[in-house]
Amino acid sequence: MKIYIYKGGLSVVRKSGVGSAILHQEKMLVETGAPLTNYWKEATVVHINTVFPDAVLAARAARKQGKQVVYYGHSTMEDFKHSFIGSDVLAPLFKKWICHCYEMGDVIVTPTEYSRRLLLEYGIKKPIYAVTNGVDIQFFQPDKEAGERFRRRYHIPADKKVVISAGHLIERKGIFDFLELARRMPETQFVWFGGDFRLALPRKVKKAVKGRPGNVIFAGYVEAYELKEAYCGADAFAFLSYEETEGIVVLEALASGVPVLVRDIPVYDGWLEDGVQVYKANSAEGFRRRLDQVFAEDTSELRERGRRLAWEHSIYQAGMFLDGVYQLEKLGRKEKKACL
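Rules and cut-offs
- Residues numbered from 1 in each chain as written.
- Predicted model: local features only at pLDDT ≥ 70, side-chain atom pairs only at ≥ 80, totals over all residues.
- Heavy atoms only, no water.
- Helix = DSSP H or I, 4+ residues; strand = E, 2+ residues; numbered from the N terminus.
- Rg over C-alpha atoms; globule rule 2.2 N^0.38 Å.
- Buried < 20%, exposed > 50% of the residue type's maximum accessible area, 1.4 Å probe, protein only.
- Areas by Shrake-Rupley, 256 points an atom, 1.4 Å probe, with all protein chains shown as cover.
- Patch = residues over 30% accessible without salt bridge, like charges linked within 9 Å, V, L, I, M, F, W, Y side chains within 5 Å.
- Salt bridge = Lys/Arg side-chain N within 4 Å of Asp/Glu carboxyl O.
- Phe/Tyr/Trp six-rings, centres within 6.5 Å; stacked < 30°, edge-to-face > 60°.
- Axes fitted to C-alpha atoms, helices over the stretch in contact; angles between N-to-C directions.
- Parallel < 35°, antiparallel > 145°, perpendicular 65-115°, else oblique.
- Left-handed = near helix turned anticlockwise from the far one by under 90°.
- Contact = heavy atoms within 4.5 Å.
- Nonpolar A, V, L, I, M, F, W, Y, C, P; charged D, E, K, R; others polar.

Looking only at helices and strands, the protein chain features 14 helices and eleven strands. Relative to the 2.2 N^0.38 estimate, which gives 20 Å for 340 residues, the radius of gyration of the protein chain is 21 Å and therefore close to what a compact globule would have. Its C-alpha atoms give the protein chain principal-axis dimensions of roughly 70 × 40 × 30 Å. Relative to its 340 residues, the protein chain shows a buried fraction of 54%. Accessible surface for the protein chain amounts to roughly 15600 Å². Of this, 53% is attributable to carbon and sulfur atoms.

What follows covers a nonpolar patch on the surface. On the surface, a nonpolar cluster with roughly 310 Å² of combined accessible area is contributed by Val89, Leu90 and Leu93. Among the secondary structure elements, Leu93 is positioned in helix α5 (residues 87-102).

A full pass over the atoms with the stated rule returns 13 aromatic pairs. Pairing Phe80 with Phe94 gives two aromatic rings, centres 4.1 Å apart and planes at 10°, and the pair type is stacked. With Phe80 in helix α4 (residues 77-80) and Phe94 in helix α5, the pair connects residues that are 14 residues apart, well separated along the chain. An angle of 50° between the planes, with centres 6.4 Å apart, marks the rings of Phe150 and Phe193 as tilted. You can see Phe150 sitting in helix α7 (residues 144-153) and its partner Phe193 sitting in strand β7 (residues 189-193), a full 43 residues away along the chain.

What follows is about the packing of helix α8 (residues 175-184) against helix α12 (residues 284-296). Orientation of α8 relative to α12, taken along the N-to-C sense of each, is 55°, at an axis distance of 9 Å. For the element pair α8 / α12, the angle class is oblique. In the packing of α8 onto α12, the handedness of the crossing is right-handed. Packed against α8, whose contacting residues are Asp177, Glu180, Leu181 and Arg184, the element α12 presents Ala284, Glu285, Phe287, Arg288 and Leu291 at the interface. Partitioning the contact of α8 with α12 into residue classes produces four nonpolar, no polar and five charged.

Okay, here's the thing in structure tokens:
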């Protein structure tokens with residue numbers, strides 16, 4: 001078996017979770033000693049991650065050549081909604097398209113049991129496995145000096161509370177709640193990382209961003225080392241997204257040892273527990289109360305449990321889970337041949 005990761009479209013998705021997942025897969029295969037190849041001709045297994053037309057053509061070509069296709073289900077109709085201009089109207093068509101894409105795979109891999117259930121509800125008949133996207137725990141870890149660099153870069157005093165978030169500047173990611181939270185906590189500094197594709201943003205999002213309170217910084221897209229510094233220098237990471245298939249930034253924040261707040265949504269059920277690894281809430285006021293709690297309490301045990309959970313989702317562990325999928329599919333093919 002030789003595995004080829006198809007990287008068509010990577011330049012488009014590089015600044016998103018899908019782009020991170022592609023790079024993580026490469027690291028998974030290297031860390032676990034899987035037979036990775038950079039040459040299409042050598043491949044017996046092809047990983048496809050995007051839902052662009054070129055990816056579908058690549059999957060079709062691989063199948064015609066007798067290669068096994070592992071199609072990654074990073075996207076759902078649910079997380080397509082409330083994003084860019086026209087996304088709600090186009091969501092049903094997007095659902096049909098991604099189903100067509102994923103059905104091109106011999107097997108589908110998606111990050112969580114939640115997203116697996118969604119894909120099953122779509123009526124997809126191919127085998128679907130839940131395998132975390134993983135987190136690089138060697139890179140994302142507590143680092144006091146890195147945190148100090150973050151505060152110097154953004155001129156934030158050492159004694160000032162700072163809350164960060166990360167993601168596209170879209171409604172689904174909770175941008176409105178983030179801004180309202182900042183208004184309710186004027187003495188706290190808020191910093192949002194990410195936010196490309198502004199031309200595709202709805203007018204109400206652009207208006208809200210333009211009218212942001214004075215204690216909000218929109219830092220734009222930054223490289224991983226700067227985001228790591230922010231995790232290490234912040235007093236809390238508030239990820240207010242309404243819909244996710246996993247949330248790589250949540251794992252990065254947990255690995256970095258910063259207290260994490262998330263919205264109480266189904267994707268986190270069964271692996272992120274309120275008051276154990278994270279704090280959960282469902283409104284700006286709920287998040288404000290949680291932040292007051294974080295600022296007032298000793299969060300060392302919460303952060304340590306969060307780090308342990310991140311270790312369980314390390315790139316190495318994710319690679320071992322993925323290897324288990326390969327082995328299951330090998331066994332499945334053997335059983336099918338035996339029956340024939």
